[in-house]
Amino acid sequence: MPKSDGFDNVTADDVAAATGVSRWTVNRAFKKDASISPKTRAKVMSAAQSLGYVPDLSAAALASTRSNLVALLVDDFTNPHKLVMMERLTRALRSRGWDTLLVNTLDREDTAPALLNASQRRVDATILIGVQFDDEVLAAAQSARRFRKLIIFARSSSNPDTISIAVDDEAATREIAQYVLGKGYQRPLYVAGPRTVSAHLLRKETFQEVWHGKFSVLPETVSVDRYDSIMAAEVAYDTLRDRPVSAMPDVIVCENDALALGVIDTIRHRLQLRIPDDIAVVGFDDVPAASSPNYKLTTYRQPLTDMSNYLVDVLEGPDATNLDRKFIGRLVIRESA
């Protein structure tokens, strides 16, 4: 069978003629769940490859009620957990026939225009991964009325117009707090990240609640404006540099691993203290660097694969209420605490 030179406008009719099937059979061969025998599908695919035929996805989308395209809006790229989330999520999407339009929302002012721009791309859903999606931004997105589904991934949202798929932050933080109590630590410092309204983690508040319930005092807390290891290192240094060893915290609990890695660097290299002998450190997320010999970080692992697969279930399922889901991960014990 002659192979196309790449300049011919090869159509489904050409593939159909070459294989002796109808053009509708050719179209079904390119649909993942279509009813077609494996032998016929293989024959059609072989002919399509030889002829240089690829289906027109935009035309197929126009003829369908679904485009199988989602917009993925991401901010906060200084947080290493974002890359892990994106890898797991896009893997789950691609394995089930979904494509992704990736948008880097540069800052809060850019988020609303990015959402509106995504709504014009005929996507089936928009997925938000980040910290800049407050009520005002989400209201602007919903006013476009073009989103079939607006999903906040890996953060809990109180906005009724969104679907939230996240780890159960309260349950996870209670497990972390109980672990810290069980190890006998007495002087915790909690390092929190940026505060949001609609998509809030509730980790700092939960840790404070558990600690206050046990000792009737609130633990010391500091905040970092971004999930940035370098910024966290500076905040930790500014907080601890003038303290005598006796006034140091004996454990630092961090809202995520990006903060924890920066805190560990400061404790070791700028304060010249030992981990966990002088100060223990606990993180949240279990990013790849957490298990490295440089950190050996005790942290909480989010079940990202399960969360990603559920998100695709939501995309492929009918519109419904109460699609929010919280998942339980697990505490990973290493040498830092």
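Everything in this summary refers to the structure shown in the same document.

Scoring rules and cut-offs
- Residues numbered from 1 in each chain as written.
- Predicted model: local features only at pLDDT ≥ 70, side-chain atom pairs only at ≥ 80, totals over all residues.
- Heavy atoms only, no water.
- Buried < 20%, exposed > 50% of the residue type's maximum accessible area, 1.4 Å probe, protein only.
- Helix = DSSP H or I, 4+ residues; strand = E, 2+ residues; numbered from the N terminus.
- Pairing = 2+ DSSP bridges.
- Phe/Tyr/Trp six-rings, centres within 6.5 Å; stacked < 30°, edge-to-face > 60°.
- Lys NZ or Arg CZ within 6 Å of the ring centre and 35° of its normal.
- Core = buried A, V, L, I, M, F, W, Y, C linked by side-chain atoms within 4.5 Å.
- Contact = heavy atoms within 4.5 Å.
- Axes fitted to C-alpha atoms, helices over the stretch in contact; angles between N-to-C directions.
- Parallel < 35°, antiparallel > 145°, perpendicular 65-115°, else oblique.
- Left-handed = near helix turned anticlockwise from the far one by under 90°.
- Nonpolar A, V, L, I, M, F, W, Y, C, P; charged D, E, K, R; others polar.
- 1 Å grid on protein atoms, 1.4 Å probe; cavity = no way out; pocket = protein on both sides within 12 Å on 5 of 7 lines; lining within 4 Å.
- Points joined across faces, edges and corners; volume = space filled by probe spheres on them.

1. Observations concerning the pairing of strand E3 (residues 125-129)
Here is the key point about a regular strand: its side chains alternate between the two faces of the sheet. The buried fraction of E3 amounts to five of the five residues, a majority that puts the element mostly inside the structure. Side chains of E3 alternate between two faces, with Ala125, Ile127 and Ile129 and Thr126 and Leu128 buried alike. Relative to E3, strand E1 (residues 69-74) runs parallel, the two sharing five bridges. By the bridge assignment, Leu73 is partnered in E3 with Leu128. Inspection of the sheet shows E3 paired to strand E4 (residues 149-153) by four bridges, in the parallel sense.

2. Re the packing of aromatic side chains
Summed over the entire model, instances satisfying the criterion amount to five aromatic pairs. Ring centres of Phe207 and Trp211 lie 5.8 Å apart, and the angle between their planes is 15°; on these two criteria the pair is classed as stacked. Here Phe207 and its partner Trp211 are both found in helix H9 (residues 203-215), four residues apart, which amounts to about one turn of the helix. The buried category is assigned to Phe207, whose relative accessible area is 0%. A residue is classified by how much of its surface remains accessible, and Trp211, at 2% relative accessible area, is buried. Geometrically, the ring pair formed by Trp211 and Phe215 is tilted, given 4.9 Å between the ring centres and 45° between the ring planes. Remark: Phe215 and Trp211 occur in helix H9; sequence separation between them is four residues, near one turn of the helix. Each residue in the set Tyr190, Phe207, Trp211 and Phe215 is aromatic and connected to the rest through ring pairs, giving one cluster. In this structure, Arg270 is placed above the aromatic ring of Tyr237, and the distance from its NZ or CZ to the ring centre is 3.9 Å. The cationic tip of Arg325 hangs over the ring face of Tyr310; the distance from NZ or CZ to the ring centre is 4.1 Å.

3. Points about the nonpolar core
In globular proteins that are soluble, nonpolar side chains generally tend to be buried together. Val191, Ile252, Cys254, Val263, Ile267 and Val281 are the most contacted members of the largest nonpolar core, which has 29 residues in total. Tallying contributions element by element places helix H11 (residues 257-269) first for this core, with seven residues. In this structure, Val191 is in contact with Val222, Val224, Ile252, Val253, Cys254, Glu255, Leu259 and Val263, ignoring residues within four places of it in sequence. Judged by nonpolar contacts, the second largest core, of 27 residues, contains Leu89, Ala92, Ile163 and Phe327.

4. Details of the packing of helix H10 (residues 229-240) against H11
For any two helices packed against each other, the geometry is given by the interaxial angle and the distance between the axes. Interaxial distance between H10 and H11 falls to 7 Å at its minimum, and their mutual angle equals 50°. Relative to H11, the element H10 is oriented oblique. The interaxial crossing formed by H10 with H11 has right-handed handedness. Every residue of H11 that contacts H10 at Ser229, Ala232, Ala233, Ala236 and Tyr237 is listed here: Ala258, Leu259, Leu261, Gly262, Val263 and Thr266. Looking at side-chain class alone, the contact of H10 with H11 contains eight nonpolar, three polar and no charged residues.

5. Structural notes on the sheet that holds strand E10 (residues 251-254)
Spatially, four strands are ordered E9-E7-E10-E11 in an open sheet, and the strand pairing comes out parallel. A single partner strand is all that each edge strand has here, and the edge strands are strand E9 (220-223) and strand E11 (280-282). Each strand of the sheet is rotated relative to its neighbour by a mean of 20°, with strand direction disregarded. Here strand E7 (residues 188-192) pairs with E10 via four bridges, running parallel. By the bridge assignment, Val191 is partnered in E10 with Cys254. Of the strands in this sheet, E7, E9 and E10 are in contact with H10, which crosses E9 at around 140°.

6. Things to note about empty space enclosed by the protein
On inspection of all chains with the given rule, the structure shows two cavities of 30 Å³ or more. If you add up the space inside the largest cavity, you get close to 130 Å³. Forming the boundary of the largest cavity are 15 residues, of which Asn79, Lys82, Met85, Ala154 and Arg155 lie nearest the centre. Considering every element that reaches the lining of the largest cavity, the biggest residue donor is helix H5 (residues 80-95), with three residues. Approximately 30 Å³ is the volume found for the second largest cavity. Contributing to the lining of the second largest cavity are Thr173, Ile176, Tyr190, Arg203, Val253, Cys254, Glu255 and Phe284. Broken down by secondary-structure element, the contributors of at least two residues to the lining of the second largest cavity are helix H8 (169-182) and E10.

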